[in-house]
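Here are the chains, one letter per residue:
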Amino acid sequence: MERKVVIELRDVRRDFQVGSETVHALRGVSFKIYEGEFVTIMGTSGSGKSTLLNQLGCLDTPTSGEYLLDGIAVRTMRRSQRARLRNRKIGFVFQNYNLLAKTTAVENVELPLMYNKEYNARARREAAIKALEAVGLADRLEHKSNQMSGGQMQRVAIARALVNNPAVILADEATGNLDTRTSFEVLVLFQKLHAEGRTIIFVTHNPEIAQYSSRNIVLRDGKIREDVENHNILSAAEALAALPAPQDD
Amino acid sequence: MSYINLFKIAIKAIMSNKARSFLSMLGIIIGVGAVIVMMAIGQGSKESIRKELSTMGTNLLTIRPGADMRGGVRLDPSAMQTLKQADYEAILSEAKFVKGVSPEVTTSGQAVFGSNNTTSTCYGESPDYLSIKLWNIEEGTGFTEEDVKKSAKVCIVGKTVVKELFPGGQDPVGKTIRFKSIPFRIIGVLKGKGYNNWGMDQDNVIIAPYTTVMKRLAAQTHYNSIVCSAVTEELSDAAIEDLTAILRRTHKLKESDVDNFTIRSQQEFMETMSSTMDTITIILVVAAAFSLLVAGIGIMNIMLVSVTERTKEIGLRMSVGARGLDISNQFLIESILISLTGGILGVLFGGLLTWGCNAIIGYPAVIPAWSVIVSFAVCVAIGVGFGYFPAQKAARLDPIEAIRYE
Ligand SMILES: Nc1ncnc2c1ncn2[C@@H]1O[C@H](COP(=O)(O)OP(=O)(O)OP(=O)(O)O)[C@@H](O)[C@H]1O
Ligand SMILES: [Mg+2]
């Protein structure tokens, strides 16, 4: 069966000029990511993971090379066109949630749709509620960001990444701020989204997480060192169940 | 993003920082309030000048010694003593378009009755004076040509003089007061006129025959001025021409000499006053407008702080698809909202000050409707003008750096 290519990188390079020195953060990265893949990206600190994710997320432009998102060439786009692309095709999940302060869960999830004229207030709210239900927060709609736990905040952030029905969800250290148990809860959620057919790219430091994804790419010094498919995907739900029960004291 | 949503975001941002928002509005409030009250005072003055013009008679003509002084040149005293009895008599017998003439000699001093005294001004006039000035006697009578001929020591007094010298409420008519030690018998009391536009109490007057004032009080043989009234307002200019010809002859001026007197019509005088008022108003409004400029800078400052504080939020908005335009609109609307709210409060503040002017000081200030509209327009302009730079700064942020900002 012919699989649909969501992301294609061709020899993407990204140089940063720091004073008189040039930092080569990405030194020619090429790969294709197909629809429905759950890809983890690993590598040591400074290996270029975030830089790569910023290219994929249209937040940054490669110095050279070509990037096709859903078949669209991104590198030569204007700033406002890239903003539109982020709005329609991409969902971001950040390490530190990045929710708007003093704002309810629904309003936070509505945010991307605010920049989409095709949604009116009602459609926006409906979509936001649906996304919150999908992450298991149907009972926290009107909670403000400061009234939620880290895990809940991250789930709101995931709902926000889902709400525009993006071509790909990009997560940078999405479990980095969470304890083991909550990390697994979030991972269960990502696996659920994966099972629903979503394309996910998940940057992480934690090698264990690679076992729960369908493919793992390892970066070193801005180059791909390893790119393997995982045919034996572990279930995060099972792992979560196997964790020692939370201690109440 | 839709403007309604941008508006909501701006309101939320303003409300979440109430004290700071109010402080940044304060400059606008004070500035707009000042502009409004200045314009109200200017407008009120012009209106009351117009009103006064109609009650005082628009056909009043005033002849003063010396050449036209609007240039502001100081003259030597002898040039100010050119109006003499010969001029008066010539006008009386020859002037064509004039229906009343009065020489005028004024002197200020103390008026005393019993143990009461007050500072007042004594006007030496002819019996025509009251009709020229459209002034009526409330009680008693005016003086006559006979009194003028005899330099009789009689006078008519204004309401203020009555109030000061007869605080007990006695009937002043028939009483003898002293003005600069000279006894004057009061034969009449004038109707009250109140204050004029320049805050002068028009009722603080004593009017006596000009001959009496010249001989007994001022010890001078020239007049300070001559007032007359043209037959009609339309004939004012003809009357001025006629009077000029008469006076040039009595003053024996050669063809090449400039007039050594000035004749002004009431109309002209009021126009001069009105344009002076305009100039003063403009100066005051410009001064107030400068405070708006300062207020605008204050708003810019607050907006820059706001942009910096919300760098992370801007980064997030950009990462979920906000374009630079969406971000700059967001901040522009916030700054417009701040300055427009300030403007609305400022208009209310100006209204309050204007009300205070009327109710407390008694100054007739009137807010012209257009000044309110102009204020709002200016506030929007300030919001856009001073919000533009911070908004651009926000729009140009790099989303990656912005979202990492702590
Ligand atoms: N804006 C920038 N200017 C200059 N150099 C940069 C910039 N962003 C990244 N770099 C450099 O590029 C390299 C890759 O950085 P990147 O943030 O992608 O690493 P990473 O793999 O995400 O690391 P970590 O695991 O610590 O998050 C590093 O050497 C970094 O110093
Ligand atoms: Mg990183």
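Quick caveat: nothing in here was measured; it's all calculated off a predicted structure. (Residues numbered from 1 in each chain as written. Chains lettered and ligands numbered in written order. Predicted model: local features only at pLDDT ≥ 70, side-chain atom pairs only at ≥ 80, totals over all residues. Heavy atoms only, no water.)

Once that is clear, we can look at the overall build of chain B. Looking only at helices and strands, one finds 13 helices and 10 strands in chain B. Within chain B, contacts between residues at least 6 apart in sequence are counted, and of these 78% link residues at least 24 apart. Per element, the accessible surface of chain B, about 19300 Å² overall, is 61% carbon and sulfur. Between the centroid of the 39 positive side chains of chain B and the centroid of its 37 negative side chains there is a distance of 6 Å. (Helix = DSSP H or I, 4+ residues; strand = E, 2+ residues; numbered from the N terminus. Contact = heavy atoms within 4.5 Å. Areas by Shrake-Rupley, 256 points an atom, 1.4 Å probe, with all protein chains shown as cover. Lys, Arg positive; Asp, Glu negative; His and termini not counted. Charge placed at Lys NZ, Arg CZ, Asp CG, Glu CD.)

Domain boundaries in chain B define domain 1 (3-52 + 272-404) and domain 2 (81-259). Summarising the inter-unit geometry, the C-alpha centres of domain 1 of chain B and domain 2 of chain B are found 53 Å apart. (Domains from an automatic or database assignment.)

Turning our attention to unusual backbone geometry. In this structure, K102 of chain A takes a positive phi of about 55° despite not being glycine. Along the chain, K102 of chain A falls in the loop between β6 (90-93) and α3 (105-114).

Residue and element names in this part refer to chain A. Throughout the structure, instances matching the rule amount to nine aromatic pairs over all chains. Considering the side-chain rings of F190 and F202, the 5.1 Å spacing of their centres and the 85° angle between planes classify their relative orientation as edge-to-face. Of this pair, F190 sits in helix α6 (residues 180-195) while F202 sits in strand β8 (residues 200-203); the two residues are 12 residues apart in sequence, bridging distant segments of the chain. Neither F190 nor F202 differs from the other in exposure class; each is buried. (Phe/Tyr/Trp six-rings, centres within 6.5 Å; stacked < 30°, edge-to-face > 60°. Buried < 20%, exposed > 50% of the residue type's maximum accessible area, 1.4 Å probe, protein only.)

Glancing now at the packing of helix α9 (residues 266-309) of chain B against helix α12 (residues 369-395) of chain B. Residue and element names in this part refer to chain B. Their axes nearest at 9 Å, the elements α9 and α12 cross at an angle of 30°. Note on packing geometry: the crossing formed by α9 with α12 is right-handed. Each of L292, L293, G296, I297, M300, M303, L304, V307 and T308 in α9 lies in contact with α12, whose residues at this interface are V378, I382, F386, F389, P390, K393 and A394. Partitioned by chemical class, the residues of the contact of α9 with α12 number 13 nonpolar, two polar and one charged. (Axes fitted to C-alpha atoms, helices over the stretch in contact; angles between N-to-C directions. Left-handed = near helix turned anticlockwise from the far one by under 90°. Nonpolar A, V, L, I, M, F, W, Y, C, P; charged D, E, K, R; others polar.)

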